[in-house]
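# Architecture and fold: a report
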Amino acid sequence: DEGFITIDGHDYQINDIEKVTNVVLFHLAEDVPEDVVGKDCVQHVDAEVREILRVQHTATHVVAAATRKVLGPHVWQNGAKKTKFGAHIDLTHYELPSFETVQEIERTANLMIFSHAAVHKQVFTRKEAEGKWGFVLYQGGAIPGNAIRVVDIDGLDTEACCGTHCDNLGEIGLIKITNTTKVSDGVFRIEFCAGKLALDSNIKDKVLIHEL
């Protein structure tokens, strides 16, 4: 998230957030005067950035599900990144997919969006979660602790995930794949954007074509 903290009537922009053991540290753009130490503060989340990240995060699950549907169940997530500017996901496959295959992945992902499938978010014990879904839960990486937050998209994709998510796929609006590259042997990257970012990207493409 991005945002600011209000302390004693003054707004301090947050530059970074990190978690150290069980303590969350907020790095501010300017120093806080000593006389406000110990006073109550109010945290404000940038709603626009939060919505972009929420959409990108759920879209990542959809792109992974669509890729498995098109290429096969052997596809496994190898890493992902979501930002307010776009996102990418690294997936296992024996070759870099062709242009036509990538178009089919994008089409499949958007058909999933059009289904308005519900996004269920629920916490289970590790034993309960693994007993119900198996180790496919850990596509996004191992989750520490005994409490596992599971994000289940009506059977399309199920992963252990702590990210912020849409309540149904229709909230994503649109997914646009912008690039695919080979990361290493057996791993390729899909770069994409979703929601408002996808709309903005399509408009930029139309402007570029118009100017040619």
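This write-up is about the structure you can find in this document.

## Considering the layout of surface pockets
Which parts of space are left empty comes out when a probe the size of a water molecule is rolled across the atoms. For the largest pocket, the calculated volume is near 470 Å³. Residue lining of the largest pocket: 21 residues in total, with H57, K81, K82, C161 and G163 positioned closest to the centre. Secondary-structure elements contributing two or more residues to the lining of the largest pocket are α1 (47-71), β5 (77-82) and β9 (157-160). By volume, the second largest pocket amounts to about 190 Å³. Of all the secondary structure elements, the ones that give two or more residues to the lining of the second largest pocket are β2 (10-20) and β4 (41-45).

## Examining the packing of aromatic side chains
Taken as a whole and judged by the stated rule, the model has two aromatic pairs. Geometrically, the ring pair formed by F135 and Y138 is tilted, given 6.0 Å between the ring centres and 45° between the ring planes.

## Looking at the packing of α1 against helix α2 (residues 99-114)
Packing of α1 against α2 brings their axes to within 8 Å, and their N-to-C directions diverge by 125°. Taken together, α1 and α2 sit at an angle that is classed as oblique. Regarding α1 and α2, the two cross each other, and that crossing is right-handed. Taking contact as the criterion, the partners of V62, V63, A65, A66, T67, K69, V70 and L71 in α1 are, on α2, T101, E104, I105, T108, A109 and M112. Split into classes, the residues belonging to the contact of α1 with α2 amount to nine nonpolar, three polar and two charged.

Cut-offs applied
- Residues numbered from 1 in each chain as written.
- Predicted model: local features only at pLDDT ≥ 70, side-chain atom pairs only at ≥ 80, totals over all residues.
- Heavy atoms only, no water.
- 1 Å grid on protein atoms, 1.4 Å probe; cavity = no way out; pocket = protein on both sides within 12 Å on 5 of 7 lines; lining within 4 Å.
- Points joined across faces, edges and corners; volume = space filled by probe spheres on them.
- Helix = DSSP H or I, 4+ residues; strand = E, 2+ residues; numbered from the N terminus.
- Phe/Tyr/Trp six-rings, centres within 6.5 Å; stacked < 30°, edge-to-face > 60°.
- Axes fitted to C-alpha atoms, helices over the stretch in contact; angles between N-to-C directions.
- Parallel < 35°, antiparallel > 145°, perpendicular 65-115°, else oblique.
- Left-handed = near helix turned anticlockwise from the far one by under 90°.
- Contact = heavy atoms within 4.5 Å.
- Nonpolar A, V, L, I, M, F, W, Y, C, P; charged D, E, K, R; others polar.

Keep in mind that these numbers describe shape and distance, not what the molecule does.
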